[in-house]
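Chain residues, written in single-letter form:
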Amino acid sequence: MSSLSRELVFLILQFLDEEKFKETVHKLEKESGFFFNMRYFEDAVGNGEWDEVEKYLSGFTKVDDNRYSMKIFFEIRKQKYLEALDKRDHAKAVEILAKDLKVFSTFNEDLFKEITMLLTLQNFRENEQLSKYGDTKSARSIMLIELKKLIEANPLFRDKLQFPSLKNSRLRTLINQSLNWQHQLCKNPKPNPDIKTLFLDHTCGQTNGARAPSPVPTNHLMGPMHKVGGFPPMGGPPLYQHAPAPMPNSLAGWMANPSSMPHQTLSMGPMGLTPPNNAADSEHVLKRSRPSGIPEEANNLPVNIMPSNIYPGQSRAHSMYSADDLPKTVVANLNLGSAVKSMDFHPSQLTLLLVGTNIGEFFLWDLSSGERITSKKFQVWELGACTMILQASLANEYTASVNRVLWSPDGRLFGVAYSKHIVQLYAYFGDGDLRNHLEIDAHIGSVNDLAFSHPKQQLSVITCGEDKIIKVWDAATGAKQYTFEGHEAPVYSVCPHHKEHIQFIFSTDVDGKIKAWLYDNMGSRVDYDAPGHSCTTMAYSSDGTRLFSCGTSKDGESYIVEWNESEGAVRRTYIGLGKRSVGVVQFDTAKNRILAAGDEFNIKFWDMDHVNILSIIDADGGLPASPCIRFNREGTLLAVSTSDNGTKILANAEGMRQVRSIENRAGAASKAPMVGTYGASGSAAGTSVGADRSSSLGPVITLNGESRNLPDAKCRISDELVKPKSWKLTEINEQSQLRSLRLPDSLLSVRIIRLIYTNSGGAILALAYNAVHKLWKWQRNERNTTGKATSAVPPQLWQPSSGILMTNDISETNLEEAVPCFALSKNDSYVMSASGGKISLFNMMTFKTMTTFMPPPPAATVLAFHPQDNNIIAIGMEDSSIQIYNVRVDEVKTKLKGHQKRVTGLAFSNALEVLVSSGADAQLCVWSVDGWEKKASKYLQIPSGRSSNPLAQTRIQFHQDQTHVLVVHETQIAVYEASKLECIKQWFSRDSGLSITDATYSCDGQTIYTSFDDGSVSIFTAVGLKLRCRISPTAYMPTTR
């Protein structure tokens, strides 16, 4: 069908909808396959009209078209089956099983058997995995959320979910224009023609009168159609509503690759009885699996017997964000002495705040400790290297304002843009170790903004300025890479981004023009106006899928909007900004859900999916008319400038714990993960169990010297904090100083060799000396509403109803010499494990052994799942090699050789696309995931006077920034930059008789918990490896057993 014919169908759809021919509208939608009416689909699902649901879907996809489609139909039929069981209609359930669900048995026979077994239960909720199934209405609503995600991600629905932007009654308008034209061609046109039919061309009868004037296009000769008992107007906008016309150049059209159109990227996973913790992170796939393989998982969507997010307290897409989760409580007050111009939180150290002021000074604060780590005033490093224009300007007045401060994505650099020509980059090594990195004489006049990007896999810094130019610089050398010219006014802001492999930059100027550039010096690809021609900044949501802008026009009217990138049009305009704003309103985004803007002496919040204001706060007063605001990465803290030359720190409940995590150390950190539980896969431990802060603790001293009880403690950073504060090491020796618990164990009491949190943070998996695995799970209840690990409530030792145990192969194995190891898959569906014998793959829900492989020798000593494909496993071996093994095809893809002794640590970095390995030879190696070449290697520095055990294990774990790796050896802990194995910090024990047994990052990445062979635990800062707290074994070990 031609494009014009396709457009005619849309015009007919609009006409039918306006005339209330509802059934005909949906029939045409289905038969044409041009527009999928999500609202109609939602109503049909909500009403349980399953036949109509499948019939409507059939116009767009079939069950076997692709994996997305297969999951859509599976979810629908699964829900229909569960509802029949819930109604005790077993005959109907059997019919659904045989007619609708049987098709999926060829892809996962075990799953089909599990579904069939539900028929044998009096109530299918007796199945543990379905015990949380609610009522029919809530189950349908939750399933619908999953279906919408699948439909949006399905390529067959691409360009079919958005109705074209049409003016109201467009078809009627075209007919009127045609009739007007026909009327003009009449030999004797009448002044008021009587149109009686559209089946024939219009002609006027003969008349002796003069020629009538031609009607204008708005003169409707064809009136609206009248129906008996007309429908009242629907509440809210009509389905086929008039939308803003797309700009001449769309935001996506100028990108070369059509696939760069914004469509949700999801990953496919299992059909199973277990509801996943994250739908995009499930494991199975709908494919025939080899007996010895895991169903293919990478980049595929989950198919689950139970809808995701079924449990209370889990987030539900498109529901209103709770205002209670916003950072509203003032927990700190920074006195800076000059007006704040820009702020930015460190990307991984969530309480590290960088602040720039109007007198050219910047400050670096650690909010968790109350330290002002450092501050620097405006100073040109090499005046002689600057342009004569800048030298003359500085000779006249040696002052400048900070316009922008910004951390690089990895947090190793930050940039400062000044109001006079200069951009300075600093290298930050932690603990106040700040070094000059680059000084760039970037622009003539003010440098208005800066940003970081990776256009060629190398870090670049982007600047813009008063000279109407945008420039891109090599962040390592300062060499200029690109110059973009085309703005006719000073460039106000830049926003780099990428869609797949396409890198680009948005820029805005003070006259409200928005342009987009590729890194090719070919000029701007997009040129259009910001709302109200406002001076605008642009920002993407945290996940990079949604684009927003906020700005203020010269008349003081402010706008905050979301853009439809594919059409270059405003998707939604948020309501609530002032009409007479002072200065340019600043905004920020958080958690892919929240927008915040500083306006009218307040902070205003919006849920991204709702245009009306969610909440307004004044932060206890004292804010300027348009305050500067900035979220930390997790949205738990919000910094806002004050009118008295300061900054207030606002926090939600989690943010308050982060700020107080070191301030109130009398009871140990609230998020302390278990020590001695290093995960073989290198993933960070999940949630705390070992040491919770007790609410019964006595008074603590806050940073301004006030004595308060812990629940009321507030971090207030006073004027006295002008120098970094020296912290006294906290010693925890008594059981009353922390809360701990002993995990209940009804099985045979055997020494535990390995211990790890599940990725969900709700369970602990252990591997015992006798090769048996034990799994403890925390239940969600009134005492533990999150269902996460905590020392306040004991977990349950969990086993499936079959009573089987996950037991490794230990035939012909000397357990004393074996090196047990295991690794969990991304969503905790599988565990790969070995205890000196064959490697076993277990199903974590059934405890069944799915396969065993690789009998020794050599034996496996460490395991790690590939982060993007759980069928690919890295296996460290006793013979010092690393084998890259494909489970599905039962084949070793390659063998890596670089170590001299057994391999003891493996960790993947998704960001760097590398595998880091460590060995008993105290050597680190970096391997490229693409090709598996060795990129770098380095031996640890053993302290003088210390002899290393030849079998000592060197373990590794990536920080959550995926660029820094923690290295643990019996003699030391150290932090390395992974790509080049550059050692950032090291810590050695002064006691040569005390050996480190293990160490791990906390779940927020801000601290490192280290255990020693005497049973003590030390807590270090992740940045700088400063020892903050020591826990004696007497504080958590019972005196009697």
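The structure this text deals with has already been given above.
Scope of this entry: the structure provided in the associated data block. (Residues numbered from 1 in each chain as written. Predicted model: local features only at pLDDT ≥ 70, side-chain atom pairs only at ≥ 80, totals over all residues. Heavy atoms only, no water.)

Helix and strand counts for the chain stand at eleven helices and 55 strands. A total of 1041 residues make up the chain; the buried ones form 56% of that total. Sequence separation of at least 24 residues holds for 56% of the intrachain contacts in the chain that already meet a minimum separation of 6. Split by element, the accessible area of the chain, about 44,300 Å² in all, is 50% carbon and sulfur. (Helix = DSSP H or I, 4+ residues; strand = E, 2+ residues; numbered from the N terminus. Buried < 20%, exposed > 50% of the residue type's maximum accessible area, 1.4 Å probe, protein only. Contact = heavy atoms within 4.5 Å. Areas by Shrake-Rupley, 256 points an atom, 1.4 Å probe, with all protein chains shown as cover.)

Reading across from one edge, E36-E37-E38-E39 is the order of the four strands in this open sheet, with antiparallel pairing throughout. Two strands in the sheet have a free side with no partner beyond their single neighbour: strand E36 (821-824) and strand E39 (849-853). Within this sheet the neighbouring strands show an average axis-to-axis angle of 15°, counted without direction. Pairing of strand E37 (residues 830-834) with strand E38 (residues 839-843) involves four bridges; the strand directions are antiparallel. Bridge assignment links Met-832 to a residue of E38, and that residue is Leu-841. (Pairing = 2+ DSSP bridges. Axes fitted to C-alpha atoms, helices over the stretch in contact; angles between N-to-C directions.)

Let's shift gears to helix H3 (residues 38-46). Met-38, Tyr-40, Phe-41, Ala-44 and Val-45 are the residues of H3 that are buried. Seen from one end, H3 has its buried residues packed into an arc of 160°, which puts them on one side. Lining the buried residues of H3 we find helix H2 (22-32), helix H4 (50-57), helix H5 (67-86) and helix H8 (136-153). At the C-terminal side of H3, Gly-48 shows a positive phi close to 70°. (Arc of directions from axis to C-beta.)

The next subject is unusual backbone geometry. Residue Pro-856 is joined to Pro-857 through a cis peptide bond whose omega torsion reads -5°. For Pro-857, the location among the structural elements is in the loop between E39 and strand E40 (860-865). The phi torsion at Leu-1025 lies on the positive side, around 50°, for a residue other than glycine. Inspection of the secondary structure puts Leu-1025 in the loop between strand E54 (1017-1021) and strand E55 (1027-1031).

Attention now goes to the pairing of strand E13 (residues 480-485). Sheet analysis places strand E12 (residues 469-474) next to E13, joined by five bridges and oriented antiparallel. By the bridge assignment for E13, Val-472 is matched with Tyr-482. Between E12 and E13, which follow one another and run antiparallel, lie five residues, and Gly-478 among them has a positive phi close to 85°.

Time to look at the packing of aromatic side chains. Scanning the entire structure with this criterion turns up 32 aromatic pairs. Between Phe-362 and Phe-414, the ring centres sit 5.4 Å apart and the planes meet at 80°, which makes this aromatic pair edge-to-face. Here Phe-362 is found in strand E4 (residues 362-366), whereas its partner Phe-414 is found in strand E7 (residues 413-418), with 52 residues between them in sequence. Assessed through its relative accessible area of 0%, Phe-414 is described here as buried. The ring of Phe-34 is capped by Arg-6, whose NZ or CZ atom sits 5.0 Å from the centre of that ring. Sitting over the face of the ring of Trp-798, Lys-777 holds its NZ or CZ atom 4.0 Å from the ring centroid. (Phe/Tyr/Trp six-rings, centres within 6.5 Å; stacked < 30°, edge-to-face > 60°. Lys NZ or Arg CZ within 6 Å of the ring centre and 35° of its normal.)

A grouping of Leu-198, Phe-199 and Leu-200 is seen on the molecular surface, where their side chains present a nonpolar patch of about 410 Å² in accessible area. The topology assignment puts Leu-200 in the loop between helix H9 (170-185) and strand E1 (329-335). Residue Leu-200 is classed as exposed on the basis of its relative accessible area of 63%. (Patch = residues over 30% accessible without salt bridge, like charges linked within 9 Å, V, L, I, M, F, W, Y side chains within 5 Å. Salt bridge = Lys/Arg side-chain N within 4 Å of Asp/Glu carboxyl O.)

Turning our attention to the pairing of strand E46 (residues 923-928). Of all the six residues making up E46, six are buried; the element is thus mostly covered by neighbouring parts of the structure. Here E46 shows no split at all, with Gln-923, Cys-925 and Trp-927 on one side and Leu-924, Val-926 and Ser-928 on the other all buried. Relative to E46, strand E45 (residues 914-919) runs antiparallel, the two sharing five bridges. Its bridge partner lying in E46, Leu-915 is registered against Trp-927. Hairpin connection of E45 to E46: three residues between the antiparallel strands, including Ala-922 at a positive phi of 60°. Where E46 meets strand E47 (residues 934-939), five bridges bridge the pair, whose relative direction is antiparallel. Considered in E47, the bridge of Val-926 is made with Ala-936. Joining the antiparallel neighbours E46 and E47 is a turn of five residues, in which Gly-931 adopts a positive phi near 110°.

Here we take up the packing of H4 against H5. One can describe the packing of H4 onto H5 by two numbers: an axis separation of 11 Å at closest approach and a directional angle of 170°. In terms of orientation, H4 lies roughly antiparallel with respect to H5. Contacts from Trp-50, Val-53, Glu-54 and Leu-57 in H4 reach Ile-72, Phe-73, Ile-76, Arg-77, Gln-79, Lys-80 and Glu-83 in H5. Residues of the contact of H4 with H5, tallied by class, amount to six nonpolar, one polar and four charged. (Parallel < 35°, antiparallel > 145°, perpendicular 65-115°, else oblique. Nonpolar A, V, L, I, M, F, W, Y, C, P; charged D, E, K, R; others polar.)

Take the pattern of salt bridges next. Between side chains of opposite charge, a pair can form when the charged atoms approach closely. What the rule picks out here adds up to 35 salt bridges. For the salt bridge of Asp-449 with Arg-404, the shortest nitrogen-to-oxygen distance reads 2.7 Å. With Asp-449 in strand E10 (residues 447-453) and Arg-404 in strand E6 (residues 402-407), this residue pair connects regions lying 45 residues apart in the sequence. Of the two residues, Asp-449 and Arg-404, both sit in the buried class. We note a salt bridge from Arg-435 to Asp-433, for which the minimum N-O separation is 2.9 Å. Take Arg-435: its relative accessible area is 44%, and that puts it in the partly exposed class.

Attention now goes to the sheet that holds strand E25 (residues 613-617). Overall, antiparallel pairing links the four strands, which are arranged E22-E23-E24-E25 in an open sheet. The open sheet has two free edges, formed respectively by strand E22 (587-590) and E25, since each of these has just one partner strand. The average angle at which neighbouring strand axes cross in this sheet is 20°, direction not considered. Note that E22 and strand E23 (residues 594-599) share four bridges and pair antiparallel. Residue Asp-588 lies in a different strand from E23, and its bridge partner there is Ala-596.

Right, let's talk about the side chain of Asn-602 for a bit. Residue placement: Asn-602 occurs in strand E24 (residues 602-607). One polar contact links the side chain of Asn-602 to the main-chain carbonyl oxygen of Glu-600, over a distance of 2.9 Å. Setting aside residues up to four positions removed in sequence, Asn-602 forms contacts with Ala-597, Ile-616, Ile-617, Asp-618, Leu-623 and Pro-627. (Polar contact = N/O pair within 3.5 Å; in protein donor to acceptor, adjacent residues only side chain to side chain.)

Phe-36, Phe-41, Leu-57, Tyr-81 and Leu-101 are the most contacted members of the largest nonpolar core, which has 43 residues in total. If you list the elements that add at least two residues to this core, you get H3, H4, H5, helix H6 (90-101), helix H7 (109-117) and H8. If one sorts the elements of this core by residue count, H5 sits on top with ten residues. Within the second largest apolar cluster, 29 residues are counted, among which are Ala-442, Cys-464, Tyr-482 and Tyr-519. (Core = buried A, V, L, I, M, F, W, Y, C linked by side-chain atoms within 4.5 Å.)

Moving on, we come to the environment of Arg-902. Considering the arrangement of structural elements, one finds Arg-902 in the loop between strand E43 (891-897) and strand E44 (903-909). For Arg-902, a relative accessible area of 13% corresponds to the buried category. Taking C-alpha positions, Arg-902 is 5.7 Å from Gly-919, a pair spaced 17 residues apart along the chain. Here Arg-902 is in contact with Val-819, Thr-861, Met-877, Glu-878, Ser-880, Gly-919, Ala-920 and Leu-951, once residues within four sequence places are set aside.

The terminal C-alpha atoms of H8 lie 26 Å apart, and with 18 residues this matches the ideal 26 Å at 1.5 Å per residue to within 8%. Among the residues of H8, Ala-139, Arg-140, Ile-142, Met-143, Leu-144, Ile-145, Glu-146, Leu-147, Lys-148, Leu-150, Ile-151 and Ala-153 are the ones counted as buried. Buried positions along H8 lie against H3, H4 and H5. (Expected span 1.5 Å × (residues − 1).)

So, on to empty space enclosed by the protein. Scanning all chains against the criterion turns up four cavities of 30 Å³ or more. There is about 240 Å³ of room inside the largest cavity. If you trace the largest cavity, you find 19 residues lining it, with Gln-349, His-964, Ile-984, Ala-1022 and Val-1023 closest to the centre. Residues belonging to the lining of the largest cavity are distributed by class as follows: seven nonpolar, eight polar and four charged. (1 Å grid on protein atoms, 1.4 Å probe; cavity = no way out; pocket = protein on both sides within 12 Å on 5 of 7 lines; lining within 4 Å. Points joined across faces, edges and corners; volume = space filled by probe spheres on them.)

Quick look at the packing of H5 against H6 now. In contact at an axis separation of 8 Å, H5 and H6 are set at 165° when each is read in the N-to-C sense. Here H5 lies roughly antiparallel to H6, going by the angle between them. Crossing of H5 against H6: the hand is left-handed. Mapping the contact onto sequence places Phe-74, Arg-77, Lys-78, Lys-80, Tyr-81, Ala-84 and Leu-85 in H5 and His-90, Lys-92, Ala-93, Ile-96, Leu-97, Asp-100 and Leu-101 in H6. For the contact of H5 with H6, a count of residues per class yields eight nonpolar, one polar and five charged. (Left-handed = near helix turned anticlockwise from the far one by under 90°.)

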